[in-house]
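Structural overview
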Amino acid sequence: MTRRIAAILSLDVAGFGQMMETDGDQTMRQLNEVLRKVVRPVVKQQGAVSSN
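Residues numbered from 1 in each chain as written. Predicted model: local features only at pLDDT ≥ 70, side-chain atom pairs only at ≥ 80, totals over all residues. Heavy atoms only, no water.

1. As for the overall build of the protein chain
Cut-off, in case you're wondering: In DSSP terms, a helix is any run of H or I states spanning at least four residues, a strand is any run of E spanning at least two, and both are numbered starting from the N terminus. With a 1.4 Å probe rolled over the protein chains alone, any residue whose accessible area is under 20% of its type maximum counts as buried; one over 50% counts as exposed, and the rest are partly exposed. All accessibility values rest on the Shrake-Rupley procedure with a 1.4 Å probe; residue burial counts only the protein chains present in the view.
The secondary structure content of the protein chain amounts to one helix and zero strands. Here the protein chain holds 52 residues, and the buried ones make up 10% of them. For the protein chain, the exposed area adds up to about 5000 Å²; of that, 53% sits on carbon and sulfur atoms.

Below, the structure is given as structure tokens:
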């Protein structure tokens, strides 16, 4: 039997609420860029699968 472990990644973005209030669109672009350039490559390197 093969077992799979599910992990949940939670990002704590300092000042996220203030950033969203000031410019929500720019904040989301920056967050998505970090996910695309940093988080997803590391997840893929570990052989895992990421979702939105």
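There's plenty left to go through after this.
2. Quick notes on the pattern of salt bridges
As a reminder of what qualifies: In what follows, salt bridge is the name for a side-chain nitrogen of Lys or Arg lying within 4 Å of a carboxyl oxygen of Asp or Glu.
This model, assessed by the stated rule, comprises one salt bridge. A salt bridge links Glu33 to Lys37; its shortest N-O distance comes to 2.9 Å. Here Glu33 pairs with Lys37, and both are found in helix H1 (residues 16-45), just four residues apart, close to one helical turn. Judged by relative accessible area, Glu33 falls into the partly exposed class, the value being 35%.

3. Brief notes about H1
As a reminder of what qualifies: A helix is expected to span 1.5 Å multiplied by its residue count minus one. Bending is quantified residue by residue as the angle between axes fitted to the seven-residue window ending at that residue and the seven-residue window starting at it.
The end-to-end C-alpha distance of H1, which contains 30 residues, comes to just 27 Å, noticeably less than the 44 Å that a straight helix rising 1.5 Å per residue would cover. Maximal helix bending in H1 amounts to about 125 degrees, located at Asp23. Taken residue by residue, H1 has Gly24, Thr27, Leu31, Leu35 and Val39 as its buried positions. Note on H1: the residue one or two positions beyond its end, Gly47, has a positive phi of about 80 degrees.

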